[in-house]
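Each chain is listed here by its residues.
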Amino acid sequence: PAGVAMHGPGASGGGAARSPPFLVADSASLPLPDASMAGLISWEAMYYGDDDHVRRCVREALRVLEPGAPFLLLLKSKQDFRFERFERVSANACASEQGLVMSCFDRDEIAALLRPCAVEVAIETLAHSLHDGRDMVWNFSITGHKERRS
């Protein structure tokens with residue numbers, strides 16, 4: 001689309017692309033038409049910001065997906081060690097000593113966020129340890145499809 005920064009081997013439109021182009025944009029306000037994307041992946045990115053911002057990002061991602069299109073998201077779980085340890089800035093968000101804001105959710109909150117326009121949603125828990133096993137990082141891997149229009 002005009003005015004959108006596209007990057008990658010296929011971005012110029014010339015020649016055979018080895019990988020698809022990618023877009024650099026504000027994930028809460030994508031410069032794309034409704035139902036214009038055949039799929040979406042957001043991994044280790046969408047949970048940065050306060051919970052209102054993250055909710056807008058998820059709604060925006062679903063807005064640009066074609067009906068029936070698949071998506072893969074990674075969001076932080078409230079079980080993550082940082083949610084309890086860092087300063088709380090809202091009901092779902094915490095800020096590190098450096099001021100980095102991360103939002104964390106529970107399964108029910110994620111399901112409610114996706115319910116209006118997603119189907120076949122699977123929410124898987126991913127966990128790994130940091131700092132020689134002293135701290136646990138908890139994420140949710142979320143897959144599904146945008147609801148098809150009738």
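Bear in mind the structure is a predicted one, so any value in this text is a computation, not a measurement.

So what about the overall build of the protein? Which residues, and what values?
Looking only at helices and strands, the protein has three helices and nine strands in total. Moving toward the C terminus, one meets the helices and strands of the protein in the order β-β-β-α-β-α-β-β-β-α-β-β. Sorting the 150 residues of the protein into buried and exposed places 36% on the buried side. As presented, the protein carries roughly 8500 Å² of accessible surface, and 53% of it is formed by carbon and sulfur atoms.

Explain a nonpolar patch on the surface residue by residue, including any values.
On the surface, Ile41, Trp43 and Leu126 cluster together to form a nonpolar patch covering roughly 320 Å² of accessible area. Relative to the helices and strands, tryptophan 43 resides in the loop between strand E3 (40-42) and helix H1 (51-64).

Hey, could you go over the pattern of salt bridges for me, with residue numbers and the actual values?
By the definition in use, this model includes nine salt bridges. In this structure, glutamate 84 engages arginine 88 in a salt bridge whose closest nitrogen and oxygen atoms are separated by 3.7 Å. Overall, glutamate 84 belongs to the exposed group, its relative accessible area being 60%. A salt bridge links aspartate 135 to arginine 85; the nearest nitrogen and oxygen atoms lie 2.7 Å apart. In this pair, aspartate 135 is assigned in strand E9 (residues 135-146) and arginine 85 in helix H2 (residues 81-85), connecting sequence segments 50 residues apart. Note on aspartate 135: relative accessible area 7%, which makes it buried. Residue arginine 85 is classed as exposed on the basis of its relative accessible area, which comes to 52%. The structure contains a network of salt bridges with shared partners spanning Asp34, Glu60 and Arg63.

Tell me about the pairing of E9, and please be specific about residues and values.
Relative to E9, strand E4 (residues 70-77) is paired through seven bridges, and the arrangement is antiparallel. Paired with lysine 76 across the bridge in E9 is asparagine 139. As defined by bridge partners, strand E8 (residues 118-130) adjoins E9 across 11 bridges and the pair is classed as antiparallel. When the sheet's bridge partners are listed, alanine 127 is paired in E9 with tryptophan 138.

Give me helix H3 (residues 107-114): which residues, what numbers.
Those residues of H3 that sit buried are Ile110, Leu113 and Leu114. Seen end-on, H3 carries its buried residues on one side only, within an arc spanning 90°. Its side-chain oxygen 3.2 Å from the backbone nitrogen of aspartate 108, aspartate 106 forms the N-cap of H3.

Outline H1, supporting the account with residue identities and numerical values.
Since the α-helix turns once every 3.6 residues, residues separated by three or four places project in the same direction. Across its 14 residues, H1 extends 20 Å between first and last C-alpha, which sits within 8% of the 20 Å expected from 1.5 Å per residue. Among the residues of H1, Asp51, His53, Val54, Cys57, Val58, Glu60, Ala61, Leu62 and Val64 are the ones counted as buried. Its buried side turned inward, H1 meets E3, E4, strand E6 (93-95), strand E7 (101-105), H3 and E9. Measuring from the backbone nitrogen of aspartate 52 back to the side-chain oxygen at the start of H1 gives 3.2 Å, which picks out aspartate 50 as the cap.

Rules and cut-offs
- Residues numbered from 1 in each chain as written.
- Predicted model: local features only at pLDDT ≥ 70, side-chain atom pairs only at ≥ 80, totals over all residues.
- Heavy atoms only, no water.
- Helix = DSSP H or I, 4+ residues; strand = E, 2+ residues; numbered from the N terminus.
- Buried < 20%, exposed > 50% of the residue type's maximum accessible area, 1.4 Å probe, protein only.
- Areas by Shrake-Rupley, 256 points an atom, 1.4 Å probe, with all protein chains shown as cover.
- Patch = residues over 30% accessible without salt bridge, like charges linked within 9 Å, V, L, I, M, F, W, Y side chains within 5 Å.
- Salt bridge = Lys/Arg side-chain N within 4 Å of Asp/Glu carboxyl O.
- Pairing = 2+ DSSP bridges.
- Arc of directions from axis to C-beta.
- Polar contact = N/O pair within 3.5 Å; in protein donor to acceptor, adjacent residues only side chain to side chain.
- Expected span 1.5 Å × (residues − 1).
- Contact = heavy atoms within 4.5 Å.

Spatial relationships are all this shows, so hold off on functional conclusions.
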